[in-house]
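These are the residues of each chain, in order.
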Amino acid sequence: MTSVPEERYIKVYEQGVDFLEKMTPPGVELEKYYLGDNRDNKSLDDIFVRFIHSAQNYQSMPNVIAFQKRKDKVEKILCGFDHVKVSQMDPEDLYKRFRKEFNIISADSKQNSWHKWSCAIVDSAKFLMEFKSIEDFDEFVNRFSYNVHTSMALPLLISHKINGIGFALACDLLKELGYTRYPKPDVHLMDVFHSLGLSEKNQVSTFESIVKMAKYCEKVDSSVTPYKVDKVFWLICSGRFYLETPEEITVGSKKKEFIEMMRKKL
């Protein structure tokens, strides 16, 4: 696609923030959604848990796997989430154990969600064996921060190394680990950015455009990160204020309304 002017990125972002603020229910504080995950990971095993959690965040898999609901039983099967021990497991044996433990009656095939997840779990453990400590892993991730192209290379590498974690899930994994320069180019963001002429309708192009938007918008708002851009448009598209307590507040998707408004303004 042709080069997109900086001003277009800035205008879409500023209008997005304004639109989100107007649709936000009273009493909801948006700033907490922009901070990123501040979870205090203390070991590579903590990182491993995030890997296997993200590996099930695809289409219907969260409902099928239900990792959070079954976490205690999964932990026992995975040796207390010890990535060193899991790295020595056979994915086929792990898959069979999951089927038996959770009484899985769905078709037994390599396309089965449990089979895909088992492969991703073992691959994730093997990948993390390449690091000596959580500090080593952090240093590795930070080496990719030079520019948008090197940032993009890391989720591509992860998607190549781990069967079952594609580019978007690798981005999700990194952002949930607290690396705020990583957005998740999901279907919502692809729709918005493509519809407004900011990217092609694919994950890599959308990722690049989100990172560019954050870079350009730093000139008008120093707090902008790719993570924040992600959250602004994801909240508009989903209408789910999931951090509210005692339960999330849902106002419904405003994606179509926002796109139609921006097309007129642009």
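Please refer to the structure higher up on the page.
Structure report, in brief. Predicted, not measured: the structure shown is a model, and the values here were computed from it.

## Brief notes about the packing of aromatic side chains
Okay, step 1: Evaluated as defined, the whole model comprises 23 aromatic pairs.
Okay, step 2: Relative to Phe81, the ring of Phe67 lies with its centre 6.1 Å away and its plane at 65°, an arrangement referred to as edge-to-face. Taken as a pair, Phe67 in helix H4 (residues 67-77) and Phe81 in the loop between H4 and helix H5 (83-86) lie far apart in primary sequence, 14 residues in all.
Okay, step 3: By relative accessible area, which is 5% here, Phe81 ends up buried.
Okay, step 4: When the centroid spacing of 5.7 Å and the interplanar angle of 85° are considered together, the rings of Trp234 and Tyr242 count as edge-to-face.
Okay, step 5: By relative accessible area, which is 15% here, Trp234 ends up buried.
Okay, step 6: On the basis of relative accessible area, Tyr242 is assigned to the partly exposed category, the value being 27%.
Okay, step 7: In this structure an aromatic cluster arises from ring pairing among Phe51, Phe127, Phe131, Phe137, Phe140 and Phe144.
Okay, step 8: Stacked on the ring of Phe102, the Lys or Arg Arg70 has its end atom at 4.8 Å from the ring centre.
Okay, step 9: Taking the ring centre of Trp234 as reference, the NZ or CZ of Lys231 above it sits at 5.4 Å.

## A word on a negative patch on the surface
Okay, step 1: On the surface, Asp90, Glu92, Asp93 and Asp108 cluster together into a negatively charged patch.
Okay, step 2: By the secondary structure assignment, Asp93 is in helix H6 (residues 91-101).
Okay, step 3: The exposure class assigned to Asp93 is partly exposed, which follows from its relative accessible area of 48%.

## Digging into the pattern of salt bridges
Okay, step 1: Counted according to the given criterion, the structure contains 12 salt bridges.
Okay, step 2: As a salt-bridge pair, Asp191 and Lys255 come within 2.8 Å of each other at their nearest N and O atoms. Taken as a pair, Asp191 in helix H11 (residues 187-195) and Lys255 in helix H14 (residues 255-265) lie far apart in primary sequence, 64 residues in all. For the pair formed by Asp191 and Lys255, the shared burial category is buried.
Okay, step 3: The residue Glu208 makes a salt bridge to Lys212 at a minimum N-O spacing of 3.9 Å. Taken together, the positions of Glu208 and Lys212, both in helix H12 (residues 203-217) and 4 residues apart, correspond to about one turn of that helix.
Okay, step 4: The partly exposed category is assigned to Lys212, whose relative accessible area is 29%.

## A few points about the nonpolar core
Okay, step 1: Among the nonpolar cores identified, the biggest contains 52 residues, and Phe51, Leu78, Trp117 and Phe137 are the most heavily contacted of them.
Okay, step 2: The element that contributes the greatest number of residues to this core is helix H7 (residues 113-128), accounting for 8 residues.
Okay, step 3: Discounting chain neighbours no more than four positions away, the residues touching Phe51 are Ser124, Phe127, Leu128, Phe137, Ile162, Ile165, Leu173 and Leu177.
Okay, step 4: If you look at the next biggest cluster of nonpolar residues, it comprises 35 residues, including Val4, Phe19, Leu196 and Phe241.

## Topic: the layout of surface pockets
Okay, step 1: Roughly 890 Å³ of volume is contained in the largest pocket.
Okay, step 2: Lining of the largest pocket is provided by 34 residues; of these, Asn57, Tyr58, Leu169, Asp172 and Lys184 occupy positions nearest its centre.
Okay, step 3: Those elements that place two or more of their residues in the lining of the largest pocket are helix H2 (44-55), helix H3 (61-65), helix H10 (167-176), H11 and helix H13 (226-238).
Okay, step 4: A total of 6 residues in the lining of the largest pocket trace back to one element, the largest contributor, which is H10.

Reading the values: rules and limits
Chains are numbered independently. Their residues run from 1 in the order of the written sequence. With pLDDT at 70 or above as the cut-off, local features in this predicted model cover only qualifying residues; side-chain atom pairs require 80 or more to be listed or tallied, and sums for whole chains, interfaces and linings still use all residues. To get the side-chain values, all heavy atoms of the structure are used, and hydrogens and water are removed first. The criterion for an aromatic pair is that two Phe, Tyr or Trp rings (for Trp, the six-membered ring) have centres within 6.5 Å, with stacked assigned to planes under 30 degrees apart, edge-to-face to planes over 60 apart and tilted to the rest. Put simply, DSSP H or I for four residues or longer makes a helix, DSSP E for two residues or longer makes a strand, and each gets a number counted from the N terminus. For the exposure calls, accessible area comes from a 1.4 Å probe over protein chains only, and a residue counts as buried if that area is under 20% of its type's maximum, exposed if over 50%, partly exposed in between. Any Lys NZ or Arg CZ found within 6 Å of a ring centre and within 35 degrees of that ring's normal is scored as a charge over the ring. Only residues whose relative accessible area exceeds 30% and that form no salt bridge enter a patch; like-charged residues are grouped when within 9 Å of one another, and nonpolar side chains (Val, Leu, Ile, Met, Phe, Trp, Tyr) when within 5 Å. Working definition of accessibility: Shrake-Rupley area with a 1.4 Å probe, residue cover restricted to the visible protein chains. When a carboxyl oxygen of Asp or Glu is within 4 Å of a side-chain nitrogen of Lys or Arg, the pair counts as a salt bridge. Under this rule, positive means Lys or Arg and negative means Asp or Glu; His and the chain ends count for nothing. We put the charge of a Lys on NZ, of an Arg on CZ, of an Asp on CG and of a Glu on CD. Residues belong to one nonpolar core when they are buried, are Ala, Val, Leu, Ile, Met, Phe, Trp, Tyr or Cys, and are joined through side-chain atoms within 4.5 Å. Contacts were defined at the residue level, with two residues in contact if any of their heavy atoms lie within 4.5 Å. Using a grid of 1 Å spacing that covers the protein atoms alone, one calls a set of points a cavity when a 1.4 Å probe fits there but cannot get out, and a pocket when the set is open and has protein on both sides within 12 Å along at least five of seven lines; lining residues are those with an atom within 4 Å of a point. Grid points are joined across faces, edges and corners, and a volume is the space filled by probe spheres set on the points.

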